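Working through the structure, step by step
These are the residues of each chain, in order.
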Amino acid sequence: MSEFWLISAPGDKTNLQAWERMNTVTSKSNLSSNSKFHIPDLKVGTLDALVGLSDELGKLDTFAESVIKKIAQYIGEVMEDSKDKVQENLLANGVDLISYLTRFEWDMAKYPIKQPLKNISEALSKQVTQIEADLKTRSAAYNNIKGNLQSLEKKTMGNLLTRTLADIVHKEDFVLNSEYLITLLVVVPKSSYVQWQKTYESLSDMVVPRSTKMIAEDAEGGLFTVTLFRKVMDDFKAKARENRFMVREFYYDEKELKCEKEELMKLASDKKQQYWQPLLPGCLNTSLRNGFMVPAVSGEFNLAHKTEAYIKNNNDLAKGPLLRWLKVNFSEAFVAWIHVKALRVFVESVLRYGLPVNFQAMLLQPNRKSVKRLRDVLNVVFKHLDEVAAASIMD
């Protein structure tokens, strides 16, 4: 995001002098783009209250900024497959952040200005704190789904010695429910395929002849079945290891394999739904025919086009619950943060310039190539406001 400076200067009766002076000194060399930053007439209160509030607002400013950054970062994580669209989800009151800043208006309904400044500060602090707490809860739930899914996905990405076999094996690959026979799964290196075919029947007694079959293969080797009598299983495993054939500890359980597949699909669906929640407009009366959604009354409209247009026009509704929450609360947190900024400018200006309240707040967007030059010009123009501070900065 672009860099902005929020500053204030002592005003005159109409505050035009401070504003015009700022525009004059910055426009000569195109140092910055400027806009007035409108702060309403807030209740001043006592000097002690202002001094105490100045410290509190500094901490709240930093805290609010950190929450905004966390939400923005998390939106990027949730939208991992659409990172190029993250920026369009970072809005404040429905507009882009620069527009909100340059056209800032105090929210009178949410933060009434007739109440003490302390009350406004506490309301802002409570709001941002609640958003952070909710973010922790929601992100923990999402991270749990994501972590469990990654653990299951890792099982499908290893080699044949370590990966899950749920998506590879089939019931017909095994001799099941036999009191005497058992089917084992053996991982054989590619370089040893011929040796396996020649020797597997003689690795131990009671191996069923011609019972081997390769059911899967990866870059390192193949997964073979072999059927033998249960009582020679341990002997067969030992002889297999001696010949660099690795027997997988696997027993076919249809219910367990089905549960593993369903868990993987559910976690993937749960994770995806946090970002994207496909929906149809409630006004469309549809029925399911041969696996496709079709209009209940044919010829009324093209459902596919109607649905696509509906989702485009109702983009927020189509987003998943987590992304919707993040988008809404990014806006809420950003708006609160800018109100904290406005409150800080008001408090610091009153403490610096005194009463009656008379200052002009301005928002500057420095030209990236002229940041140092702009700072030097402002120090020269306003050094009379604080000779000691100006001298130290210039040094």
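Keep in mind that what you see is a predicted model, and the values were worked out from it rather than measured.

**Details of the overall build of the chain**
Counting its secondary structure elements, the chain contains 12 helices and 11 strands. In the chain, which comprises 395 residues, the share counted as buried stands at 40%. Taking contacts inside the chain between residues at least 6 apart in sequence as the whole, the part at least 24 apart equals 76%. In the structure as shown, the chain presents an accessible area of about 23,100 Å², 52% of it carried by carbon and sulfur atoms.

**Considerations on the sheet that holds strand E5 (residues 181–189)**
Strand order in the open sheet made by the 4 strands is E6-E7-E5-E8, with antiparallel pairing throughout. Whereas interior strands pair on both sides, the edge strands pair on one side only; in this sheet they are strand E6 (213–217) and strand E8 (246–248). If you compare each strand with its neighbour and ignore which way they point, the axes differ by 35 degrees on average. Where E5 lies against E8, 3 bridges are found, and the strand directions are antiparallel. Each bridged residue has a counterpart across the sheet, and for Leu-185 the counterpart in E8 is Arg-248.

**Focus: helix H11 (residues 371–382)**
With 12 residues, H11 extends 16 Å between its outermost C-alpha atoms, agreeing within 8% with the 16 Å of an ideal straight helix rising 1.5 Å per residue. Within the span of H11, buried status applies to Leu-374, Val-377, Leu-378, Asn-379, Val-381 and Phe-382.

**So, a nonpolar patch on the surface**
On the surface, Leu-47, Val-51 and Leu-351 cluster together to form a nonpolar patch covering roughly 250 Å² of accessible area. Classification of Leu-47 by relative accessible area gives exposed; the value is 57%.

**Quick look at unusual backbone geometry**
Omega for the peptide link from Leu-355 to Pro-356 comes to -5 degrees, which places this bond in the cis form. Mapped onto the elements of the fold, Pro-356 is located in the loop between helix H10 (321–353) and strand E11 (359–366). Phi is positive for Asn-93, close to 55 degrees, though the residue is something other than glycine. Within the secondary structure, Asn-93 is located in the loop between strand E3 (91–92) and strand E4 (95–96). The residue Met-206 is not glycine, and still its phi comes out positive at about 65 degrees. Its location among the elements puts Met-206 in the loop between helix H5 (193–199) and E6.

**A closer look at the nonpolar core**
Nonpolar side chains tend to gather and get buried jointly when the protein is soluble and globular. Ranked by internal contacts, the top residues of the largest apolar core, which has 55 residues, are Ile-39, Leu-42, Ile-71, Ile-75, Trp-106, Leu-326 and Phe-334. Put simply, the parts of the chain that give this core at least two residues each are helix H2 (47–78), helix H3 (97–102), helix H4 (117–155), H10 and E11. If you tally residues by element for this core, the top one is H10, at 18 residues. The next biggest cluster of nonpolar side chains, apart from the first, holds 18 residues, and it includes Val-207, Val-226, Ala-240 and Phe-245.

Calculation criteria
Residues numbered from 1 in each chain as written. Predicted model: local features only at pLDDT ≥ 70, side-chain atom pairs only at ≥ 80, totals over all residues. Heavy atoms only, no water. Helix = DSSP H or I, 4+ residues; strand = E, 2+ residues; numbered from the N terminus. Buried < 20%, exposed > 50% of the residue type's maximum accessible area, 1.4 Å probe, protein only. Contact = heavy atoms within 4.5 Å. Areas by Shrake-Rupley, 256 points an atom, 1.4 Å probe, with all protein chains shown as cover. Pairing = 2+ DSSP bridges. Axes fitted to C-alpha atoms, helices over the stretch in contact; angles between N-to-C directions. Expected span 1.5 Å × (residues − 1). Patch = residues over 30% accessible without salt bridge, like charges linked within 9 Å, V, L, I, M, F, W, Y side chains within 5 Å. Salt bridge = Lys/Arg side-chain N within 4 Å of Asp/Glu carboxyl O. Core = buried A, V, L, I, M, F, W, Y, C linked by side-chain atoms within 4.5 Å.

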